[in-house]
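Chain residues, written in single-letter form:
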Amino acid sequence: MLARKAPKNGSAGAAAPVEGRDNISNLPDGVLQHILSFLPAQDVVRTCVLAKSWRHMWESTTVLRFVWGGTNEPESMVPEFVDHLLRLRIRGCTPLDTCEFRLLGYHEIDMTRINFWIRIALQCKVRVLELMCWGIPPLDDHPIFISQYLKKLQLAGLSDDEMPSRLLDFSCCPNLEDLKIVDCYLGCALLISSQSLKRLTIENGSFGPDCRMPICAPNLVSLWLEVSNGMIPSLQRMPSLLAAYVNIDSDVDCIDSDDDDDDEDNQSILLQGLSDVQNLVLKSFWTEMIIFRRDLKFCSSFNKLKSLLINEYWCEPPDFSALACLLKLSPVLEKLTLQLYSEGPEHEVEIKLSCKPLEMSAAISQHLKTVEVKCQVYDERVRNVLTFLSKLDIFQRIEGYA
Amino acid sequence: MAAAADSSGDGGTSSGEKTIVLVSSDNSARFEVREAAALLSQTVRRMIDEAGADASGDGITLPDVDAKTLAKVLEYCNKHAPASSSSSAAEAAPPAEGEEDLERFDREFVRVDMGTLYSLVTAASYLKIEGLLNLTCQTIADMIKGKTPEQIRKTLGITSEFTPEEEDEVRRENAWAF
């Protein structure tokens, strides 16, 4: 997408033509704007002194990045600079494409001011907004996301427990498609809700310890969910979902208490919501985590699932019942990957097995072509898994070596 | 360290994968590349769509890319192309394996003189190869970030054309940024 040409200011005079392939100023304006879009806002404005042709280029930039702290920033940015720049934007009425606020390390930045800046960015019809603030004291004031232009939002490092409960209710952002939440404490949020959302990423998510948070994103296409702490959220049905990665590290849902929440009886928490997916990763660090296994009782089959990656949680001897159940629920599965006791991305041992189910069996997909096993050591635990699989009568030949 | 036995083919033409011929602007060089690599360019993708079934083995001429630059661009595309032409949009996330390898490749790839870098960024823009455009633009941006105007002019080969008085005027005009 090419940005508009930099406005020609009559008083700047015509720049003398510059010779030579080496001269950056010969690049098309769209490319120059793209280069500027990688720079912190201060560097962008300062390009005005580089040469005559650069004098007003910064004025057309649609990407503003405000970065404080970190070892790469030689000096900290003064809040008045941000005030001034945003004031110019509002006056100039040029829409913003991207606005980033990144605070690395502790700074004496008043969060109320940052929220004020975010409101201005939203007023400038910003499409991509990134707020990343690790190491700041708890917020007194929180951003409120109301915008028909906002398409992509990234929040990182919001770890206070005073967040407004409706912070992640995006019914006032009817065009939001991408949401990425990193290193945030989500315990205060009532729910995550968006009709328009297509991609949701939650990295290192800390959820509340007592309440299960619903995630309502019925038009989601791609999901990345890491639950590091707290109660595993519940997923509502996502019929358009193509790919999902779910990794549970939290130990909260490990106890099978007798007084289960009534609402949760006979209802799936995770798996039913994922049942339309094509590519799926399901991992849990704790074998005691009950949600995956419990959900198997309440979910329908994965009718579109082609590729599945699971870890050792599913392969509990002696009967491997969770694995068996999962396979039965995946009638069109083509590729199964077992990542056993090995985090990756490198694995010491990788075994690839070619499959051809010998007879029509309800136990396993007739389309299954490959089973891959990735582990650190080919030990008895891994052997037991393979023995179980071989009883399903699917292997033609084994290739692979340690 | 393990090596996975890969029985799914080496991704080359031996598995019958389609190739596309790209021709440089001066007609001096023809390159046959895997379709998956060529399609990293949205421009090439559009040209193929427009040519339709009539696309012959004559290849696609790229009027704005010279041979030397095209060779280098294709080096990038071959490295970054997905293993198969089938859309990898169904992956929840890019595979972690090979990412370090790609990063290393990218770092080496942009260790070139400024002239080549500018040719690459122009070609990436014309060919609409998002990854290459971002890589080259980020590289140039890194030469600007945190540097003084003199340093930037020197590295990027910019002639100021300002008189000292004019430069002062610009600085005063934007004093809030300095």
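Just so it is clear, the structure is predicted and the values come from calculations on it, not from any experiment.

**Student:** Which residues make up the side chain of A:Asn311, and what values do they have?
**Tutor:** Residues and elements named next belong to chain A. If you trace the backbone, asparagine 311 turns up in strand β13 (residues 307–311). Of the polar contacts made by the side chain of asparagine 311, one reaches the backbone oxygen of serine 284; its length is 2.9 Å. Residues contacting asparagine 311, with those up to four places away along its chain left out, are Leu282, Lys283, Ser284, Phe285, Gln339 and Leu340.

**Student:** Describe in detail the environment of A:Ile90, supporting the description with residues and values.
**Tutor:** Residues and elements named next belong to chain A. One can find isoleucine 90 in helix α3 (residues 79–92). Given a relative accessible area of 34%, isoleucine 90 falls into the partly exposed group. With sequence-adjacent residues up to four places away left out, isoleucine 90 is seen in contact with Ile120, Gln123 and Cys124.

**Student:** Help me get a handle on the pattern of salt bridges, residues and values and all.
**Tutor:** Any two side chains of opposite charge can pair, on the condition that their charged atoms come close. Residues and elements named next belong to chain A. Taken as a whole, this structure holds 29 salt bridges over all chains when the rule is applied. Of the charged contacts in the structure, one is a salt bridge between glutamate 177 and arginine 199, with a shortest N-O distance of 3.7 Å. A residue pair is termed long-range when its members are at least 10 positions apart, and glutamate 177 in the loop between β4 (152–156) and β5 (178–182) and arginine 199 in strand β7 (residues 199–206) qualify at 22 residues. On the accessibility criterion, arginine 199 (32% relative accessible area) is partly exposed. Within the structure, one salt-bridge network assembled from shared partners comprises Lys151, Glu177, Asp178, Lys198 and Arg199.

**Student:** Talk me through empty space enclosed by the protein; I want residue IDs and the actual numbers.
**Tutor:** All names here are of chain B. Counted under the stated rule, the structure contains one cavity of 30 Å³ or more. The space that makes up the largest cavity amounts to roughly 50 Å³. What lines the largest cavity is Leu22, Ala37, Ala38, Ser41, Val44, Leu62, Leu70, Val73, Leu74, Cys77, Leu127 and Ile129. Of all the elements in the fold, those that place two or more residues in the lining of the largest cavity are α1 (35–38) and α3 (67–80). With four residues, α3 is the largest single contributor of residues to the lining of the largest cavity.

**Student:** I'd like a description of helix α4 (residues 99–109) of chain B, backed by residues and values.
**Tutor:** All names here are of chain B. Within the span of α4, buried status applies to Phe105, Asp106 and Phe109. Summarising the axial view, the buried residues of α4 lie within an arc of 100°, below the 170-degree limit, and thus occupy one face. Looking at the packing, one finds that the buried side of α4 touches α3, α5 (114–127) and α6 (130–144).

**Student:** Which residues make up unusual backbone geometry, and what values go with them?
**Tutor:** The peptide bond linking A:Pro317 to A:Pro318 adopts the cis configuration, its omega dihedral lying at 0°. As for its placement among the helices and strands, A:Pro318 is situated in the loop between β13 and α6 (321–328). If you check the backbone angles, B:Glu161 has positive phi at about 65° while not being a glycine. Inspection of the secondary structure puts B:Glu161 in the loop between α7 (149–156) and α8 (164–173).

**Student:** Mind laying out the sheet that holds strand β10 (residues 234–235) of chain A, listing which residues take part and the relevant values?
**Tutor:** Spatially, β6-β8-β10 (chain A) is the arrangement adopted by the three strands of the open sheet, whose pairing is parallel. Every other strand in the sheet has two partners, leaving β6 (192–193) and β10 of chain A as the edge strands with one partner each.

**Student:** Give a description of the packing of aromatic side chains that names residues and reports values.
**Tutor:** As enumerated under the stated definition, the model contains 15 aromatic pairs over all chains in all. Taking the centre distance of 5.7 Å and the plane angle of 55° together, the rings of B:Tyr76 and B:Phe109 count as tilted. Here the residue B:Tyr76 occupies a position in helix α3, and B:Phe109 occupies one in helix α4, the gap between them amounting to 33 residues. By relative accessible area, which is 4% here, B:Tyr76 ends up buried. For B:Phe109, a relative accessible area of 2% gives the class buried. Summarising the aromatic geometry, the rings of B:Phe105 and B:Phe109 are spaced 5.6 Å apart at their centres and angled 25° between planes, so their arrangement reads as stacked. One end of the pair, B:Phe105, and the other, B:Phe109, are both in helix α4, four residues apart, so they sit about a helical turn from each other. By the burial criterion, B:Phe105 is buried, and B:Phe109 matches it. When the ring centre of A:Tyr341 is taken as reference, the NZ or CZ atom of A:Arg381 above it lies at 3.6 Å.

**Student:** For α7(B), give the residues involved together with the corresponding values.
**Tutor:** Residue and element names in this part refer to chain B. Within α7, burial applies to Pro149, Ile152, Arg153 and Leu156. Projected down its long axis, α7 shows its buried positions confined to an angular sector of 100°, all on one face. Each element contacted by the buried residues of α7 is listed here: α5, α6 and α8. Positive phi appears at glycine 157, one or two residues downstream of α7, with a value of about 75°.

**Student:** Provide a residue-level description of the packing of α5(B) against α6(B), including the pertinent values.
**Tutor:** All names here are of chain B. Contact geometry for α5 and α6: axes closest at 8 Å, N-to-C directions at 140°. By the angle between their axes, α5 is oblique relative to α6. In this structure, α5 crosses over α6, and the sense of that crossing is left-handed. Mapping the contact onto sequence places Met114, Leu117, Tyr118, Leu120, Val121, Ala124 and Ser125 in α5 and Leu132, Leu133, Thr136, Cys137, Thr139, Ile140 and Met143 in α6. Taken together, the residues of the contact of α5 with α6 sort by class into 11 nonpolar, three polar and no charged.

**Student:** Which residues make up the confidence of the model for chain B, and what are the values?
**Tutor:** Residue and element names in this part refer to chain B. When pLDDT is averaged along chain B, the result is 81; 79% of the residues meet or exceed 70. Within the model, pLDDT remains below 50 along residues 1–13, and this stretch shows 23 contacts once partners closer than five positions in the same chain are excluded. Here residues 85–92 is modelled with pLDDT under 50, and outside its nearest four sequence neighbours on either side it reaches 16 contacts, counting other chains as well. In the predicted complex, the global pTM is 0.84; the interface-specific ipTM is 0.84.

**Student:** Quick rundown of the side chain of B:Ser24? Include the residues and the values.
**Tutor:** Here B:Ser24 lies in the loop between β1 (19–23) and β2 (30–34). For B:Ser24, the residues in contact, after removing those within four places along its chain, are B:Ala29, B:Thr61, B:Leu62, B:Val65, B:Asp66, B:Ala67 and B:Leu70.

Conventions and cut-offs
- Residues numbered from 1 in each chain as written.
- Chains lettered and ligands numbered in written order.
- Predicted model: local features only at pLDDT ≥ 70, side-chain atom pairs only at ≥ 80, totals over all residues.
- Heavy atoms only, no water.
- Helix = DSSP H or I, 4+ residues; strand = E, 2+ residues; numbered from the N terminus.
- Polar contact = N/O pair within 3.5 Å; in protein donor to acceptor, adjacent residues only side chain to side chain.
- Contact = heavy atoms within 4.5 Å.
- Buried < 20%, exposed > 50% of the residue type's maximum accessible area, 1.4 Å probe, protein only.
- Salt bridge = Lys/Arg side-chain N within 4 Å of Asp/Glu carboxyl O.
- 1 Å grid on protein atoms, 1.4 Å probe; cavity = no way out; pocket = protein on both sides within 12 Å on 5 of 7 lines; lining within 4 Å.
- Points joined across faces, edges and corners; volume = space filled by probe spheres on them.
- Arc of directions from axis to C-beta.
- Pairing = 2+ DSSP bridges.
- Phe/Tyr/Trp six-rings, centres within 6.5 Å; stacked < 30°, edge-to-face > 60°.
- Lys NZ or Arg CZ within 6 Å of the ring centre and 35° of its normal.
- Axes fitted to C-alpha atoms, helices over the stretch in contact; angles between N-to-C directions.
- Parallel < 35°, antiparallel > 145°, perpendicular 65-115°, else oblique.
- Left-handed = near helix turned anticlockwise from the far one by under 90°.
- Nonpolar A, V, L, I, M, F, W, Y, C, P; charged D, E, K, R; others polar.
- pLDDT = per-residue confidence, 0-100.

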